[in-house]
Amino acid sequence: MRLENKVAVITGGARGIGYSIAEKFASEGAKVVILDLNQDSIDKAVAKLNKLQEDATGYIADVTNSQQITDIFKQIYKRFKQIDILVNNAGITKDNLMMRMKEEDWDAVINVNLKGTFNCTQKVSRYMMKQKNGVILNIASVIGIMGNAGQANYAASKGGIIALTKSTAKEFASRNIRANAIAPGFIKTEMTDNLSQEVIDKYAEVIPLNRMGTPHDVANLCLFLASEEANYITGQTICVDGGLVM
Ligand SMILES: NC(=O)c1ccc[n+]([C@@H]2O[C@H](COP(=O)([O-])OP(=O)(O)OC[C@H]3O[C@@H](n4cnc5c(N)ncnc54)[C@H](O)[C@@H]3O)[C@@H](O)[C@H]2O)c1
């Protein structure tokens, strides 16, 4: 068990990549706490996770709401007396070409993806600093490295996450807190389910491994980075993308 007795908080953990990370961590002995927007989907995810590890739990939480996140981390710490791992995974897309992008769509994506990551990092850091121990994993994207037409808001948010990860790593290294970013490529989840087969085939053509990835592929890297095997790795951005970025 690589995460035995660890407490891991995963934002956007009720489905997709976040759920897969929660499942992987629970199967390695971690007590997982998922934060997400909808009680019904949280309950369903927690019920499945509890079959792997009894202490799984979940809270309704909007990562953009600073006060709510402060209160929830307080409750989590009170309950478990430790918070070892934070995975900032909650994310949204609201794609459009720049000329057509509405201000509210710019704001919404920056708020959830970038400000949400900052909020949770800031709130959890006081507990991790007290413990002198912690791991922060930020789910960025290859789009934050490459950019993409029609995704100016998303690319800026994910590029921001990569820079935020480096600042986090530098600011907290002396307290034995590591921070790394994971940049998934094209992963099959509900976020990508609405793409046509034509678009999927077009992407696959430029991916050296010639296929979409799975949430499981991303969760495997997260497990490694959260484990003690990655004790000397901080401030990095690692792609899980079938070779798309190299
Ligand atoms: N799927 C991909 O191809 C891909 C590629 C690169 C990066 N990513 C990133 O991986 C992460 C997960 O993506 P996914 O494909 O699993 O998406 P998804 O839409 O399937 O899941 C996202 C989860 O985040 C939750 N969420 C959204 N806004 C929230 C908020 N304000 N507060 C709390 N929770 C919120 C949603 O309810 C949902 O459960 C995102 O950050 C995404 O940008 C995904």
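Here the structure is a predicted model, which means the values were calculated and not measured.

### Considerations on the site of the ligand
Around the ligand sit 26 residues, and of these Arg15, Asp36, Asn89, Tyr154 and Thr189 come closest. Take Thr189: an N or O atom from its side chain is 2.5 Å from an oxygen atom of the ligand. Coverage of the ligand by the protein chains reaches 93% of its 830 Å² of free accessible surface. Judged by the fraction of its atoms near the pocket grid, the ligand is located in the largest pocket. Of all elements in the fold, only helix 1 (16-27) and helix 6 (152-172) reach the threshold of two or more residues within the shell around the ligand. Looking at the shell around the ligand, its residues break down into 14 nonpolar, 8 polar and 4 charged.

### A few points about the pattern of salt bridges
Oppositely charged side chains are able to pair whenever their charged atoms sit close together. Per the counting criterion, the structure on display carries 5 salt bridges. Ionic pairing is found between Asp193 and Lys188, a salt bridge with its closest N-O pair at 3.0 Å. For Asp193, a relative accessible area of 45% puts it in the partly exposed group.

### Section: the nonpolar core
Residues Ile21, Phe25, Val32, Leu137 and Ile182 are the most contacted members of the largest nonpolar core, which totals 34 residues. For this core, the secondary-structure elements that each account for two or more residues are strand 1 (7-11), helix 1, strand 2 (31-36), helix 2 (39-50), strand 4 (85-88), strand 5 (134-139) and helix 8 (215-226). Among the elements that line this core, the one with the most residues is helix 8, at 7 residues. In this structure Leu137 touches Phe25, Leu86, Val87, Asn88, Asn180, Ile182, Cys222, Leu225 and Ala226, once residues within four positions along its chain are discounted.

### Describing helix 4 (residues 103-131)
Here helix 4 contains 29 residues, and its C-alpha end-to-end distance of 41 Å stays within 8% of the 42 Å for a straight helix at 1.5 Å per residue. Maximal helix bending in helix 4 amounts to about 35°, located at Asn111. Lys132, located one to two residues past helix 4, shows a positive phi value of around 55°.

### Details of the packing of aromatic side chains
Following the criterion strictly, the structure yields 2 aromatic pairs and no others. Look at Phe186 and Tyr203: their rings are 4.2 Å apart centre to centre, the planes differ by 35°, and that puts the pair in the tilted class. On the criterion of sequence distance, the pair formed by Phe186 in the loop between strand 6 (177-184) and helix 7 (197-206) and Tyr203 in helix 7 is long-range, its members being 17 residues apart. Lying over the aromatic face of Tyr19, Lys48 brings its terminal NZ or CZ to 4.5 Å of the ring centre.

### Section: the pairing of strand 4
The alternating pattern of strand 4 places Ile85 and Val87 and Leu86 and Asn88 on opposite faces, both of which are buried. Sheet topology places strand 1 next to strand 4; 3 bridges connect them, and they run parallel. Bridge pairing in strand 4 links Ala8 to Ile85. By the bridge criterion, 4 bridges tie strand 4 to strand 5 in an arrangement that is parallel. If you follow Val87 over to strand 5, its bridge partner there is Leu137.

### Topic: the packing of helix 3 (residues 66-80) against helix 4
The N-to-C vectors of helix 3 and helix 4 enclose an angle of 30°; their axes lie 8 Å apart at closest approach. Between helix 3 and helix 4, the crossing angle belongs to the class labelled roughly parallel. Relative to helix 4, the crossing made by helix 3 is right-handed. Between helix 3, through Ser66, Ile69, Thr70, Phe73, Lys74 and Tyr77, and helix 4, the contact on the second element is made entirely by Asn119, Cys120, Lys123, Val124, Tyr127, Lys130 and Gln131. For the contact of helix 3 with helix 4, the per-class residue count stands at 6 nonpolar, 4 polar and 3 charged.

Calculation notes
- Residues numbered from 1 in each chain as written.
- Predicted model: local features only at pLDDT ≥ 70, side-chain atom pairs only at ≥ 80, totals over all residues.
- Heavy atoms only, no water.
- Near = heavy atom within 4 Å.
- Polar contact = N/O pair within 3.5 Å; in protein donor to acceptor, adjacent residues only side chain to side chain.
- Areas by Shrake-Rupley, 256 points an atom, 1.4 Å probe, with all protein chains shown as cover.
- 1 Å grid on protein atoms, 1.4 Å probe; cavity = no way out; pocket = protein on both sides within 12 Å on 5 of 7 lines; lining within 4 Å.
- Sits in = over half its atoms within 2 Å of the grid points.
- Helix = DSSP H or I, 4+ residues; strand = E, 2+ residues; numbered from the N terminus.
- Nonpolar A, V, L, I, M, F, W, Y, C, P; charged D, E, K, R; others polar.
- Salt bridge = Lys/Arg side-chain N within 4 Å of Asp/Glu carboxyl O.
- Buried < 20%, exposed > 50% of the residue type's maximum accessible area, 1.4 Å probe, protein only.
- Core = buried A, V, L, I, M, F, W, Y, C linked by side-chain atoms within 4.5 Å.
- Contact = heavy atoms within 4.5 Å.
- Expected span 1.5 Å × (residues − 1).
- Bend = angle between axes of the 7 residues up to and from the residue.
- Phe/Tyr/Trp six-rings, centres within 6.5 Å; stacked < 30°, edge-to-face > 60°.
- Lys NZ or Arg CZ within 6 Å of the ring centre and 35° of its normal.
- Pairing = 2+ DSSP bridges.
- Axes fitted to C-alpha atoms, helices over the stretch in contact; angles between N-to-C directions.
- Parallel < 35°, antiparallel > 145°, perpendicular 65-115°, else oblique.
- Left-handed = near helix turned anticlockwise from the far one by under 90°.

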